[in-house]
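Observations on chain architecture
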Amino acid sequence: MASVSELLSIFESTEDLGEAEGALDRIAAMEHPEDLELGECYDGLAEVAADAGDLELAVRAERRALEHGCREPALARQMLGWYLLEAGEREEGEVIFAAARAEKPDDPWILSALGAARRGSGDGPGAIRAYDEALALARVGTDRNLTRRLRAERRECRADEDLPPDEDDVLADADDPELPDAAARAVGWFPRDQIEVVLGRWPSLARELGDPDAYCATVEGRLRDMRSATGQAPRVAPIRVEALELFASERGLDPGSGFARVRFATVLADRGEAQPWPPGRNEPCWCGSGRKYKRCCG
């Protein structure tokens, strides 16, 4: 009988998703170390399965992720709802999103994810309703980038339904083209070899960047949130301090501001200088740690 370590090695190395699922199921039926985050393994498998178009496996794996305890259960429940909607199980998917909305009625991100999930399932009118509600909530808050993104996604969805442009569609066209839109998204990130330089320039960022591993984990969370909200995998844009300062000076921006980094990340993506995310199951982590993605930020 294979040991837990042998089965885990199969899960991490195989390209056969059915074999990966079988390895995890066998581990789940055995006594295994408490520090083995089985829920995270299932959550990662669900993500890979969804990318491969195997929505039935994605649903099964996400259910198991929740059963075994993953790091972000609220997000995992939303992803389960998303997979169910796209798999044609609309009633259960809608129930899951309704519960998430009841827990956080003022969260536009949940409605944004619902809009993308409905659109992916072929429910264009339902997607537009979700985007309408999300946009109404986003206007109340102060997240200008989210408002822009929602307008762009809503406009695309309305175009799919052959609806004439309305005021928000026009405003979407008028938004700054250098900010993220529905077609080009990227998350800016200071590579590890830049952190010391960054802290020398902007000591106020020490709380965010002081622990490089924790900082990379935060960036990973942003990437996942963006994917959850939009249904599209963003890219990771490595920011070099000197290039950021040059970019900001040319546009009269404060290079130490988050706004400047957002704009610069999008420009880097437009130039083809941002890397795809997430890495493959056995590829090195995007953060430069030298570890495999699934053993690091994944």
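Fair warning: this is a prediction, and the values are worked out from it, not measured in the lab.

1. A few points about the overall build of the protein chain
Each helix and strand counted, the protein chain has 15 helices and 3 strands in total. Against the compact-globule benchmark of 19 Å for 298 residues, the protein chain has a radius of gyration of 20 Å, which places it among compact chains. By its C-alpha atoms, the protein chain is 65 × 50 × 30 Å across when sized along the principal axes. Looking at the 298 residues of the protein chain, the share that counts as buried comes to 48%. A sequence separation of at least 24 residues applies to 58% of the contacts in the protein chain between residues at least 6 apart.

2. Observations regarding the environment of arginine 151
Within the element layout of this structure, arginine 151 appears in helix α9 (residues 144-160). In this structure arginine 151 comes out as buried when scored by relative accessible area, which is 14%. Between the C-alpha atom of arginine 151 and that of alanine 134, which follows or precedes it by 17 residues, the distance is 9.7 Å.

3. Points about the sheet that holds strand β1 (residues 186-189)
Strands sit in the order β1-β2-β3 across an open sheet of 3 strands; the sheet is mixed. Each end of this open sheet is capped by a strand with a single partner; those strands are β1 and β3 (275-276). Where β1 lies against strand β2 (residues 235-238), 4 bridges are found, and the strand directions are parallel. When the bridges of β2 are listed, glycine 188 appears paired with alanine 237.

Definitions and cut-offs
Residues numbered from 1 in each chain as written. Predicted model: local features only at pLDDT ≥ 70, side-chain atom pairs only at ≥ 80, totals over all residues. Heavy atoms only, no water. Helix = DSSP H or I, 4+ residues; strand = E, 2+ residues; numbered from the N terminus. Rg over C-alpha atoms; globule rule 2.2 N^0.38 Å. Buried < 20%, exposed > 50% of the residue type's maximum accessible area, 1.4 Å probe, protein only. Contact = heavy atoms within 4.5 Å. Pairing = 2+ DSSP bridges.

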